[in-house]
Amino acid sequence: NLAKSLLESNTKDFTDVTPRGKAKAKLFCQGRAKVAQVRLSFNEPPPYTYMSELMSDANKNPAALWNEANNCLASRELKEQVTGRWHAILEWYDLKNQSGLVADMMAQLIFLAPKVAGVLLDLTFKKIEPDDAEDGFEPYHDLSGIFLNDPMTCDYKLAGSPPTPLPTIPQLWSHLPEMVIRHARRLFEPPDTRRDSPSPGARKLGASNPNIYEIAKYKAILPNILDLDIFQSLTCTWSEEIYAKMSVQAMIYCAWRHLMVGFVGIKAGLSAVEMLTLLTWGMTTAGGTPFDRFQLTGSQRSSSATSNSPRHAITAWTVLAAISLRDLINLVWLILAYHHRWRLARARWMDRSVYLGYLQLVWGWSGLFSVIFTADSLQLVIRVCLLTATFLATGNELSNTLQAMLSAAFFMSVVGMIDPLRVIACRVSLSRMTIRTAVEQAEVGHFVFYVAFWFMAFITAWEIADRESTFPAAFVFGVRALVIGDGDGLDFFNLKADDLDSSTGDPYNFKVWAGMGGMMVFFSYLMNQLIAIFNNTYDSAQKKMWLRFHAARVRELRDCILSHKLCLFHNLWSPSRMQVLCFSSGLLSFGLLMLIPLHSLPFGRAAVIISMTSILLMTTGALLLEAFPFAELMKGNEDNDWFPMTQDASKRRYLRVFCRTDFDENFFLGVDDSSEQALGEKLESIEGQMGERLERIEDQVDELGKRMNEMSEHISTQITLLAQRLGSG
């Protein structure tokens, strides 16, 4: 008990310990002049031995470790003991200035045993009562979002930092669109149809503003918990249930609100510029005016000489080249930044192999491939191929192949513009996430493969018997007849209605009966089976759509943090948000203004020089504009960088969370309160609580029995003494 109290209260007094669990502790005797040193042998291992054993158990048998964690959570007394011990361990590492080591070990634990890591992350946050708050807080907060209300709000500040000042005019101007959307929604949306945040049975307070909720305040015991290693481990975890934890969502929401909102807007805006450039190029004919293809008639569209786009479009080519150069620089930077983090993980593993033996697996090849092979990389390849082929081609207009490449580039630009918006919390994004999850289910994939196999077998057999069309034609007719169910009478496997009257040969009879049978099997039976299977998987995927949504946000956060380029100027210059905004806007504007004379100049040396200069200016401006969210976060001071290349243990940042009191993990896990699983868990918890109460009642009854026995003995003794006195009298 003495060793345990020392561990929880004053851990710095017994830091000289051996790995076997023997330690020396100093026992301070109040009121005496000297300190008596005694040797204590206690059962609890020291903090670093505890963490190394935790890593070993997570690697060997994570299921057994999760069962032990469940047993601890089932009992309130055990949970309080584990929470106190965990807080003591975190404080011990904090006193040693080794909180970064705990973050690295938590990243490994998320990779090895994510369920146990989620429990420990929740235990890392300590609930702060209103009376214990260092700065006080209101019990109700406005958690209204742009489309969906957030379940929490967070801040991440240095220890001892002054309170946040009032917003300035530029800050209010930057949040003006969000404020306009909120007020417009409140004016035109009825109170009973306002969208709610991801939590059932929300308690809304206030008649005028239904977006005000009762909140509870939590504070992370572990400093600098927003660590890139933890975000990377979340991207490669094998359990999605960890995203239902309040602590994990708090880290995601904090980084998202302060960093990713501006980054997504900038990325979508630059993609919109690319889309408009490709649309202008594709909808303009050679020698015509912009967007003149919308005015062409059907006879004019049949002629490639008047319908294809111009090859000599140096203005559009310059803009696309600048965008391609920016994407190439970003891709190379991402690869180098990822490799740097991987190298740091290996270096830490060589330094502390006991603690960080699995950190290099977190930064592995799978994560590197996920950074390289993305939709942005495919878009870059298609755009570069288009620009190269256009530059090497001859003639005044694009060929049919180049026109098709231009069409593909335009489609990928639309994908690139919509892709950053898929992680915005709205109903459309959640529905898209549900559809994607349902399509990726194994049941749907297996049945689609089964249908495709028999479809190809039927088409091949049909081609052998038909002998009148090629295989691509037979495939097209098969899709129209079997999958789409073409019944308009125009054609059926290339069989016209007049053919039945003009000929009665065997090929036509075979077409009729084989086609009818195939359509009944594929279109009437197998396609309906596929729809039923997809409907079933959609219902199951809808229950866990928030888990997939947060997983997608974590991947975007990882890529955004790796793209942080302002760290190159930390030792030289820390630009402010206004400096970055002015420089980037000026470079982009000047680069775009140079395109005005470029449009009228003939192709030559002057046009090439102006084009190259404009490409460099627009590329530099776009790169600076993408760094604007980091400049806004740092506010001209490199100490405000949340994700530096090298973590400084002396700069302690603590995450504070203002979470709704009705936050429930079961909602994100898709577990209904009336389901058997939730009912079983409630019964187990009630059974455990009843067992504890019965034990307490038994102890009280035993104690009461002892007191009754003592009272009866005392009464009998008094009666005996009274009888003796009466007898003697």
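Residues numbered from 1 in each chain as written. Predicted model: local features only at pLDDT ≥ 70, side-chain atom pairs only at ≥ 80, totals over all residues. Heavy atoms only, no water.

### Quick look at the packing of aromatic side chains
The following threshold applies: Under the pairing criterion, centres of Phe, Tyr and Trp rings, with the six-membered ring standing for Trp, must be within 6.5 Å; the plane angle then separates stacked pairs below 30 degrees from edge-to-face pairs above 60, leaving the rest tilted. In this scheme, a residue with accessible area under 20% of its type's maximum is buried, one over 50% is exposed, and one in between is partly exposed, where area comes from a 1.4 Å probe on protein chains only. Labels follow the DSSP assignment, with helices taken as runs of H or I lasting at least four residues and strands as runs of E lasting at least two, numbered in each case from the N terminus. A positively charged side chain is recorded as over a ring if its NZ (Lys) or CZ (Arg) lies within 6 Å of the ring centre. The angle to the ring normal must also be within 35 degrees.
The tally for this structure, following the rule as stated, stands at 16 aromatic pairs. Ring centres of F369 and F373 lie 6.0 Å apart, and the angle between their planes is 55 degrees; this geometry places the pair in the tilted category. Its relative accessible area of 42% is what places F369 among the partly exposed residues. An angle of 85 degrees between the planes, with centres 5.5 Å apart, marks the rings of W546 and F549 as edge-to-face. Highlighted residues: W546 and F549, both in helix α23 (residues 545-562), separated by three residues, approximately one helical turn. With respect to burial, W546 and F549 carry one shared label: buried. By way of ring pairs, the aromatic residues Y338, W342, W363, W365, F369 and F373 are connected into one cluster. Over the face of the ring belonging to Y213 we find R660, whose NZ or CZ atom lies 4.0 Å from the ring centre.

### Focus on the environment of I221
What counts is decided by this rule: Only heavy atoms matter for contacts: two residues are in contact if any of them lie within 4.5 Å across the pair.
Its location among the elements puts I221 in the loop between β7 (212-220) and α9 (228-235). The spatial distance from the C-alpha of I221 to the C-alpha of L123 is 9.0 Å, given a sequence separation of 98 residues. Residues contacting I221, with those up to four places away along its chain left out, are H87, L90, E91, T124, K126 and Y654.

### Topic: the pattern of salt bridges
Counted only if it meets this: For this analysis, a salt bridge means a side-chain nitrogen from Lys or Arg found within 4 Å of a carboxyl oxygen belonging to Asp or Glu.
If you walk through the whole model with that rule in mind, you get 17 salt bridges. Of the charged contacts in the structure, one is a salt bridge between E440 and R548, with a shortest N-O distance of 3.1 Å. Placement of E440 in the loop between α18 (427-439) and α19 (442-466) and of R548 in helix α23 is noted, with a sequence separation of 108 residues between them. With a relative accessible area of 21%, R548 lands in the partly exposed category.

### Re the packing of α18 against α23
Selection criterion: Lines fitted to C-alpha atoms define the axes, with helix axes restricted to the stretch in contact, and inter-axis angles between N-to-C directions lie between 0 and 180 degrees. In what follows, roughly perpendicular refers to angles from 65 to 115 degrees, roughly parallel to angles under 35, roughly antiparallel to angles over 145, and oblique to any angle outside these ranges. Residue polarity is assigned by list, with Asp, Glu, Lys and Arg as charged and Ala, Val, Leu, Ile, Met, Phe, Trp, Tyr, Cys and Pro as nonpolar; anything else, Gly included, falls into the polar class.
For the pair α18 and α23, interaxial distance at closest approach is 9 Å and the crossing angle is 100 degrees. Relative to α23, α18 is oriented roughly perpendicular. Judged by residue contacts, S429, L430, M433, T434 and T437 of α18 engage M545, W546, R548, F549 and A552 from α23. When the residues that make up the contact of α18 with α23 are grouped by side-chain class, the tally is six nonpolar, three polar and one charged.

### Overview of the environment of F455
Here F455 lies in helix α19. Through-space distance from the C-alpha of F455 to that of V479 is 9.0 Å; in sequence the pair is 24 residues apart.

### Considerations on a nonpolar patch on the surface
As a reminder of what qualifies: Nonpolar side chains (Val, Leu, Ile, Met, Phe, Trp, Tyr) are joined into patches within 5 Å and like charges within 9 Å, using only residues with over 30% relative accessible area and no salt bridge. Under the convention used here, a 1.4 Å probe and the Shrake-Rupley method define accessible areas, while residue burial counts only the protein chains that appear.
The grouping of F391, L392, F603, V608 and M612 at the surface amounts to a nonpolar patch, some 540 Å² of accessible area in total. Elements that contribute at least two residues to the nonpolar patch include exactly α16 (375-392) and α26 (605-626). Among the secondary structure elements, F391 is positioned in helix α16. Residue class for F391 comes out exposed when judged on its relative accessible area of 53%.

### Some remarks on the environment of K127
Looking at the element boundaries, K127 is found in strand β3 (residues 125-128). In sequence terms K127 and V657 are 530 residues apart; their C-alpha atoms lie 9.3 Å from each other. Residues in contact with K127, not counting those within four places in the same chain, are A216, K217 and Y218.

### Overview of the pairing of strand β8 (residues 653-660)
Defined as follows: Two strands make a pair as long as DSSP finds a minimum of two bridges between them.
The buried fraction of β8 is high, at eight of eight residues. Neither face of β8 is exposed, since R653, L655, V657 and C659 on one face and Y654, R656, F658 and R660 on the opposite face are all buried. Relative to β8, strand β5 (residues 152-158) runs antiparallel, the two sharing seven bridges. Paired with T153 across the strands is F658, a residue of β8. Direction of pairing for β7 relative to β8: antiparallel, over a ladder of five bridges. The residue bridging A216 from the neighbouring strand is C659, located in β8.

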